[in-house]
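Chains, contacts and geometry: an overview
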Amino acid sequence: STMLEIPEALVIARQTSQILAGCTIVQVIVGQTPHKFAFYAGDPAAYPALLVGKKISHAKARGGMVSIAAGDSTLVFSDGAALRHWPATSKRPDKHQLLLEMDDGSAFTASIQMYGGVWCFKGEDFDNPYYQVARDKPSPLSEQFDRAYFEAIMAAPDSEKLSAKAALATEQRIPGLGNGVLQDILYRAGIHPRQVVRLLDLAAKDRLFHAIKDTLAEMAAMGGRDTEKDLFGQPGGYQTQLSKNTVGQTCRKCGQTILKEAYLGGSVYVCPGCQRLSK
């Protein structure tokens with residue numbers, strides 16, 4: 001199942017800009033495959049009128065979302081959408097929630113796996129709290145996301161009592177930092193996902209701040225995580241330390257076995273040697 005998070009959104013937005021900027025949309029097929037948890041903005045039947053004849057100028061990452069500017073319309077895909085580009089000669093997939101045919105003969109598709117948004121609207125604004133938060137909060141890879149900004153997130157009355165996973169990866173506190181990228185961030189910082197934030201000392205908070213910046217930058221630079229796919233269906237080049245790919249393996253730092261646990265509505269991966277709980 002696809003989960004676009006900060007690195008993948010950056011990679012796919014960059015690839016989309018490179019390959020589709022300057023292309024004009026000549027055909028739009030929306031909702032070909034009915035999906036209970038595919039969410040549209042307004043009436044999907046209006047999407048062709050919003051998009052056909054429009055020229056794509058660029059794509060941008062907004063947290064874990066990808067936003068594409070096409071003339072005076074905007075297309076936004078939320079984190080559950082698998083986005084793919086299909087060369088002119090290749091067969092299109094049978095199942096998709098949106099297909100755009102381009103004037104160069106290529107196509108772009110969005111397929112929702114578990115759930116996700118395919119939002120098209122005029123202008124740049126759309127009344128959706130997830131989109132607005134993703135658009136307005138600074139990315140951890142920006143300079144605005146500095147130590148003071150991070151401290152404010154961690155010290156907020158509603159985060160103090162939370163675990164590290166809840167404080168970082170829920171309630172859109174850091175849009176696009178989800179349960180996927182969280183695993184390697186906490187591993188790098190030596191912090192357990194269940195660790196209560198209030199009990200972290202200054203050194204641990206320092207490690208966590210730098211782990212957020214460094215891990216996400218490395219993931220984005222290497223084309224995303226190896227557990228996710230890019231615009232061309234290729235897995236990312238960043239090798240996850242803690243993920244479904246490494247569970248049961250030996251930790252390269254301490255030699256203990258990497259474990260999988262269910263926690264807060266998802267799986268967490270933990271090295272019991274490197275990520276000890278402090279009480």
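Before any of the text, the structure's been laid out above.
Notes on the structure follow. (Residues numbered from 1 in each chain as written. Predicted model: local features only at pLDDT ≥ 70, side-chain atom pairs only at ≥ 80, totals over all residues. Heavy atoms only, no water.)

**Here we look at the overall build of the protein chain**
This is how it is decided: Strands here are runs of E lasting at least two residues and helices are runs of H or I lasting at least four, both read from the DSSP assignment and numbered beginning at the N terminus. In this setup the radius of gyration rests on C-alpha atoms only. A globule is expected at 2.2 Å times the number of residues raised to 0.38. When a residue's accessible area, from a 1.4 Å probe over protein chains only, is under 20% of the maximum for its type it is buried; when over 50% it is exposed; and in between it is partly exposed. By the convention used here, residues are in contact when the closest approach between their heavy atoms is within 4.5 Å. Methods summary: accessible areas were calculated by the Shrake-Rupley approach with a probe of 1.4 Å, and residue burial reflects only the protein chains presented. By the counting scheme adopted, Arg and Lys are positive, Glu and Asp are negative, and His together with the chain ends is not counted. In this description, the location of a charge corresponds to atom NZ of lysine, CZ of arginine, CG of aspartate or CD of glutamate.
Within the protein chain one finds eight helices and 11 strands. Computed over the C-alpha atoms, the radius of gyration of the protein chain is 20 Å, within 12% of the 19 Å expected from 2.2 N^0.38 for a compact globule of 279 residues. Across its three principal axes, the protein chain shows a C-alpha extent of roughly 60 × 35 × 35 Å. Buried positions account for 51% of the 279 residues belonging to the protein chain. Within the protein chain, contacts between residues at least 6 apart in sequence are counted, and of these 63% link residues at least 24 apart. Total accessible area computed for the protein chain in this model is approximately 12,500 Å², and 54% of it derives from carbon and sulfur atoms. Counting 31 positive and 28 negative side-chain charges, the protein chain places the averaged centre of each group 5 Å from the other.

**A word on the pairing of strand β9 (residues 116–122)**
Cut-off, in case you're wondering: Here a strand pair is declared whenever DSSP counts at least two bridges between the two strands.
Within β9, six of the seven residues are buried, which leaves it mostly tucked inside the rest of the structure. Here strand β2 (residues 38–40) runs beside β9; their pairing, made up of three bridges, is parallel. Note on β9: the bridge partner recorded for Ala38 is Gly116. In this structure, strand β5 (residues 73–77) lies alongside β9, joined through five bridges in antiparallel fashion. When the bridges of β9 are listed, Val76 appears paired with Trp119.

**Considering the pattern of salt bridges**
Heads up, the rule is: Should a side-chain nitrogen of Lys or Arg be within 4 Å of a carboxyl oxygen of Asp or Glu, the pair is scored as a salt bridge.
Scanning all chains against the criterion turns up 11 salt bridges. For the salt bridge of Lys122 with Asp72, the shortest nitrogen-to-oxygen distance reads 3.2 Å. Here Lys122, found in strand β9, pairs with Asp72, found in the loop between β4 (65–70) and β5; they are 50 residues apart in sequence, far enough to count as distant. Judged by relative accessible area, Asp72 falls into the partly exposed class, the value being 39%. The partner of Asp136 in a salt bridge is Arg135, with the nearest N and O atoms 3.1 Å apart. A cluster of three or more residues bridged by salt bridges with shared partners is formed by Lys54, Asp72 and Lys122.

**Re the packing of aromatic side chains**
Condition: Think of it this way: a Phe, Tyr or Trp ring, Trp meaning its six-membered ring, pairs with another when their centres are within 6.5 Å, and the plane angle makes it stacked under 30 degrees, edge-to-face over 60, tilted otherwise.
Tallying each qualifying case throughout the model produces eight aromatic pairs. Seen in terms of ring centroids, Tyr40 and Tyr47 are 6.0 Å apart; in terms of plane orientation they differ by 70 degrees. Their pairing is edge-to-face. Take Tyr47: its relative accessible area is 1%, and that puts it in the buried class. Note on Phe77 and Phe108: the rings are 5.6 Å apart at their centroids and 50 degrees apart in plane angle, and the pair reads as tilted. Of this pair, Phe77 sits in strand β5 while Phe108 sits in strand β8 (residues 107–112), and the two are 31 residues apart along the sequence. On the accessibility criterion, Phe77 (0% relative accessible area) is buried.

**Topic: the sheet that holds strand β1 (residues 25–30)**
Hydrogen bonds along the backbone pair up the strands of a sheet, which may run parallel or antiparallel. Our working rule: Think of each axis as a best-fit line through the C-alpha atoms, taken over the contacting stretch in the case of a helix, with angles from 0 to 180 degrees between the N-to-C directions.
Reading across the sheet, the four strands line up as β1-β7-β8-β6 and stay open at both edges, with antiparallel pairing between neighbours. The sheet terminates laterally at β1 and β6 (81–86), the two strands that pair on one side only. Each strand axis lies, on average, 15 degrees off the axis of its neighbour in the sheet, ignoring direction. In this sheet, β8 lies alongside strand β7 (residues 98–102) in antiparallel orientation, the contact comprising four bridges. Within β8, the position partnered with Leu98 by the bridge is Ala110. Sitting on the sheet, helix α1 (residues 6–20) touches β6, β7 and β8, and the angle it makes with β6 is about 25 degrees.

**Regarding helix α8 (residues 202–221)**
Rules: The span you would expect from a helix comes to 1.5 Å times its residue count less one.
Along its 20 residues, α8 runs 29 Å from first to last C-alpha, staying within 8% of the 28 Å computed at 1.5 Å per residue. Among all positions in α8, only Ala204, Lys205, Leu208, Phe209, Ala211, Ile212, Lys213, Thr215, Leu216, Met219 and Ala220 are buried. On its buried face, α8 is in contact with α1, α4 (147–155), α6 (164–169) and α7 (179–189). A positive backbone phi angle near 85 degrees is found at Gly223, which sits one or two residues after α8.

**Description of the environment of Gln183**
Among the structural elements, Gln183 can be located in helix α7. When its relative accessible area of 3% is taken as the criterion, Gln183 is described as buried. Measuring from C-alpha to C-alpha, the distance between Gln183 and Gln241 comes to 8.1 Å, with 58 residues separating the pair along the chain. Those residues in contact with Gln183 that lie beyond four places of it in its chain are Leu242, Ser267, Val268 and Tyr269.

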